[in-house]
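Residue strings, one per chain:
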Amino acid sequence: MKKLIPIITLIFLFVQCKENSTKNTQNNKILGFVADSAMVVSAREEASKIGVAILQKGGNAFDAMVATELALCVAYPFAGNIGGGGFMVYRTNDGKTGALDYREKAPLAASKNMYLDENGDVIKGKSTLGSMAIGIPGTVDGLFKVHEKFGTLPISELIQPVIDLANKGVIVTKKQEDRLAKYRHFFSEVNDTQIILDAEWKEGDTIKYLNLAKTLERIRDNGRDGFYKGKTAEMLVNYVQKIGGIITKKDLDNYEAKWRTPIEFTYKDLKITSMSPPSSGGICDAQIFKALEPYDISTYGHNSVKSIQLIAEAERRAFADRSFYLGDPDFVQIPIDTLISASYVQKRMEDFSWDKATLSSSISHGNIAGYESDETTHYSIIDSYGNAISATTTLNGAYGSKVYVSEGGFMLNNEMDDFSSKPGEPNMFGLIGAEANSIEPGKRMLSSMTPTIVEKNNKLFMAVGSPGGSTIITSVMQTILNVYEFNFGMQEAVDAPRFHHQWLPDVVTLEPKGFDSILVEKLKAKGYKINQENSRILGKVDAILVLPNGQLEGGADYRGDDKAAGF
Ligand code: DON
């Protein structure tokens, strides 16, 4: 094993050189980082490079996924996780598509009203902060499912570079310094000892994650049981229970990631494959694209009044359906085929007017006859064999529940907040849910994560995804439109200013500084309420585009420390 380390270091140097020397243009477009045959784009350079090193050794995109995802846990503790969960959509080089759900589940002791007080009111913070907010993590089981089905290199070779990174340490960036300063006080509020992240870390400092390295060794040596059983499981359960949580060993032992059939739909001559429930991402984006399809949006201009209006109205209707119909498909019946059909969606758009904004209060979910009823991270990988994966993975809020299993070196999620604690009560993304997304033991909470793969003329075209809660859905959709309708390069499409509407609250959120005041006034005149000052970042997209000559262009979002690497 030791012999591998220098080889991987050499590969890093090569990848670095290639990156620094590249300045690309094609058809007069300035492109982002371009590679000839393989690429990883993720939230941290260290993770992208570890993934690329695996690809360079001959591993495929699935092997690289295992390494990249675990490396994000080390290099990007803000969202990278073994204490969280996610979704992955893939397309193999023979055109087969599929999806993996490694979303967290509610603990067996969870109950519908667990976040309500005796008056039936939501107890502030209980679903977001501390031990009661935690869902049963799915990431490690998910990665082993991927490796079992598609992996080609031994798991130890995929995990070892990550263990080495944890032992060597990761350099704090300016953005990380700012985030840690912002969230630090929560760490001491929630944990009973001082955690490693709870110090005055400054840009340029190196944080070593020695306990995490040991946990990764147990996973390397014992497989999924290295996390869900034995020492790690004991550390997790003992600590969570000690600070008042309800997670048991049985919860961990029972956890299973699931292969799912992805949502597939066409938009003009694109075929789009995206995540199915328990994520809402694929269905919502299918609805939005189907609503836009009859219009020649490319002639309206990028981020023009007309295109913002049309897209916002499509988003408004899709999010209204999301809140009523969507939840864990293992618990609720979802009329997927109808929801994503052109006829249903276009009927929902019949009352759209170019003159005036539709009021969200006048919109509800559509009627379907016969129906009974700040943090995440995304990475995209394409290997030199032509396989593509798109994976979004999360702790939910920034540093999740802020509960840190110090002995094991990892943070735990606060994914329980993605359930609807009470009908009509917004969660931390302002999303409203109904019965379909109510809490039940062992149920998965509804997500907005939208890992997506796009084909054009039956060929791989793009792998794309984003963090950003509810804004994930609209960020992914706008990035695809930017490339396909407005002819942007991948980096340009990722960097372009974004906007967002989610039905309730009835407001169009615009990225600060991205939209001029004349445009804003025109939208207001049509009745749109605008939020530009206090808007959060709208997504942080990491994507790869297959260029006409077969090369790959990365889009690594400038809004974070994101980085493309490849060869
Ligand atoms: O699954 C979801 O939709 C959320 N838990 C995602 C959270 C997220 O994207 C936070 N990042 N900014």
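Look a little higher up for the structure.
Residues numbered from 1 in each chain as written. Predicted model: local features only at pLDDT ≥ 70, side-chain atom pairs only at ≥ 80, totals over all residues. Heavy atoms only, no water.

## Topic: the overall build of the protein
- Each helix and strand counted, the protein has 17 helices and 23 strands in total.
- Its C-alpha radius of gyration of 22 Å places the protein within 12% of the 24 Å reference for a compact globule of 567 residues.
- If one aligns the C-alpha atoms of the protein with their principal axes, the spans along those axes are about 65 × 65 × 45 Å.
- Counting the 567 residues in the protein, one finds 63% classified as buried.
- Summing over all exposed atoms, the protein offers an accessible surface of approximately 20,300 Å²; the carbon and sulfur share of this is 51%. (Helix = DSSP H or I, 4+ residues; strand = E, 2+ residues; numbered from the N terminus. Rg over C-alpha atoms; globule rule 2.2 N^0.38 Å. Buried < 20%, exposed > 50% of the residue type's maximum accessible area, 1.4 Å probe, protein only. Areas by Shrake-Rupley, 256 points an atom, 1.4 Å probe, with all protein chains shown as cover.)

## Quick notes on the pairing of strand β13 (residues 388-394)
- Burial analysis of β13 places seven of its seven residues in the buried class, the great majority of the element.
- Side chains of β13 alternate between two faces, with Ala388, Ser390, Thr392 and Thr394 and Ile389, Ala391 and Thr393 buried alike.
- Sheet topology places strand β5 (residues 85-91) next to β13; seven bridges connect them, and they run antiparallel. Residue Arg91 lies in a different strand from β13, and its bridge partner there is Ala388.
- Where strand β12 (residues 376-382) meets β13, seven bridges bridge the pair, whose relative direction is antiparallel. Within β13, the position partnered with His378 by the bridge is Thr392.
- Counting the residues that bridge the hairpin from β12 to β13 gives five residues, and of these Gly386 lies at a positive phi of roughly 95°. (Pairing = 2+ DSSP bridges.)

## Focus on the pattern of salt bridges
- Enumeration over the complete set of coordinates arrives at 40 salt bridges.
- Across the pair Lys49 and Glu45 runs a salt bridge whose closest N-O atoms are separated by 3.0 Å. In this pair, Lys49 and Glu45 are both assigned in helix α2 (residues 45-56), four residues apart and thus about one turn of the helix distant.
- For Lys49, a relative accessible area of 9% gives the class buried.
- Note on Glu45: relative accessible area 27%, which makes it partly exposed. (Salt bridge = Lys/Arg side-chain N within 4 Å of Asp/Glu carboxyl O.)

## What to know about the packing of aromatic side chains
- What the rule picks out here adds up to 23 aromatic pairs.
- When the ring of Tyr183 is compared with that of Tyr399, the centres are 5.8 Å apart and the planes differ by 65°; the resulting orientation is edge-to-face. Here the two residues Tyr183 and Tyr399 agree in accessibility, since each one is buried.
- Look at Phe227 and Tyr228: their rings are 4.9 Å apart centre to centre, the planes differ by 75°, and that puts the pair in the edge-to-face class.
- Residue Phe227 is classed as buried on the basis of its relative accessible area of 0%.
- Aromatic rings pair up to connect Tyr76, Phe78, Tyr183, Phe186, Phe187 and Tyr399 into one cluster.
- Above the face of the Trp259 ring, Lys149 is positioned so that its terminal group lies 4.6 Å from the ring centre.
- Directly above the ring of Phe186 sits Lys402, whose terminal nitrogen or CZ lies 5.0 Å from the centroid. (Phe/Tyr/Trp six-rings, centres within 6.5 Å; stacked < 30°, edge-to-face > 60°. Lys NZ or Arg CZ within 6 Å of the ring centre and 35° of its normal.)

## A word on the site of the ligand
- Around the ligand, the structure places 16 residues, and the nearest of them are Thr376, Asn396, Glu415, Asp418 and Ser448.
- Between the ligand and Glu415, the relevant distance is 2.6 Å, taken from a nitrogen atom to a side-chain nitrogen or oxygen of the residue.
- Contact between the ligand and Ser448: an oxygen atom at 2.7 Å from a main-chain N or O atom of the residue.
- Out of a free accessible area of 350 Å², the ligand has 98% covered by protein chains. (Near = heavy atom within 4 Å. Polar contact = N/O pair within 3.5 Å; in protein donor to acceptor, adjacent residues only side chain to side chain.)

## A closer look at the packing of helix α5 (residues 155-168) against helix α7 (residues 210-222)
- Where α5 meets α7, the axes come as close as 8 Å, and the angle between the chain directions of the two elements is 170°. If you check the angle between α5 and α7, you find them roughly antiparallel. From α5, Ile155, Ser156, Ile159, Gln160, Val162, Ile163, Ala166 and Asn167 reach across to α7, where they touch Leu210, Ala213, Leu216, Glu217, Ile219 and Arg220. (Axes fitted to C-alpha atoms, helices over the stretch in contact; angles between N-to-C directions. Parallel < 35°, antiparallel > 145°, perpendicular 65-115°, else oblique. Contact = heavy atoms within 4.5 Å.)

## Digging into the sheet that holds strand β20 (residues 530-531)
- Reading across the sheet, the three strands line up as β18-β19-β20 and stay open at both edges, with mixed pairing between neighbours. Both edges of this open sheet fall to β18 (499-500) and β20, since each of them pairs with a single strand only.
- Note that β18 and strand β19 (residues 508-510) share two bridges and pair antiparallel. Along β19, the bridge assignment pairs Phe499 with Leu510.

## Overview of the side chain of Ser466
- Within the secondary structure, Ser466 is located in the loop between β17 (459-464) and α15 (471-484).
- Residue Ser466 is classed as buried on the basis of its relative accessible area of 0%.
- Within the structure, Ser466 has its side chain in polar contact with the backbone nitrogen of Lys540 (distance 2.9 Å).
- For Ser466, the contacting residues outside a window of four places in its chain are His378, Thr392, Ile472, Ser475, Val476, Gly539, Lys540 and Val541.

## Some remarks on the side chain of Arg444
- Among the structural elements, Arg444 can be located in the loop between β15 (410-411) and β16 (452-456).
- At 3.2 Å, the side chain of Arg444 and the side chain of Tyr255 are in polar contact.
- A distance of 2.7 Å separates a polar side-chain atom of Arg444 from the backbone oxygen of Glu256.

## Remarks on the environment of Lys202
- Checked against the element boundaries, Lys202 lands in the loop between α6 (174-190) and β8 (206-207).
- Between the alpha carbons of Lys202 and Lys175 there is a distance of 9.9 Å; along the sequence they are 27 residues apart.
- Among residues more than four places away in sequence, those in contact with Lys202 are Val172 and Glu177.

## Thoughts on the nonpolar core
- Core analysis: the biggest nonpolar cluster contains 91 residues, and Leu292, Met462 and Ile480 have the highest contact counts within it.
- At 10 residues, the largest contribution of residues to this core is made by helix α12 (residues 305-325).
- Once residues lying within four places of it in the same chain are set aside, the contact partners of Met462 are Thr452, Ile453, Val454, Ile480, Val483, Met490, Ile544 and Leu545. (Core = buried A, V, L, I, M, F, W, Y, C linked by side-chain atoms within 4.5 Å.)

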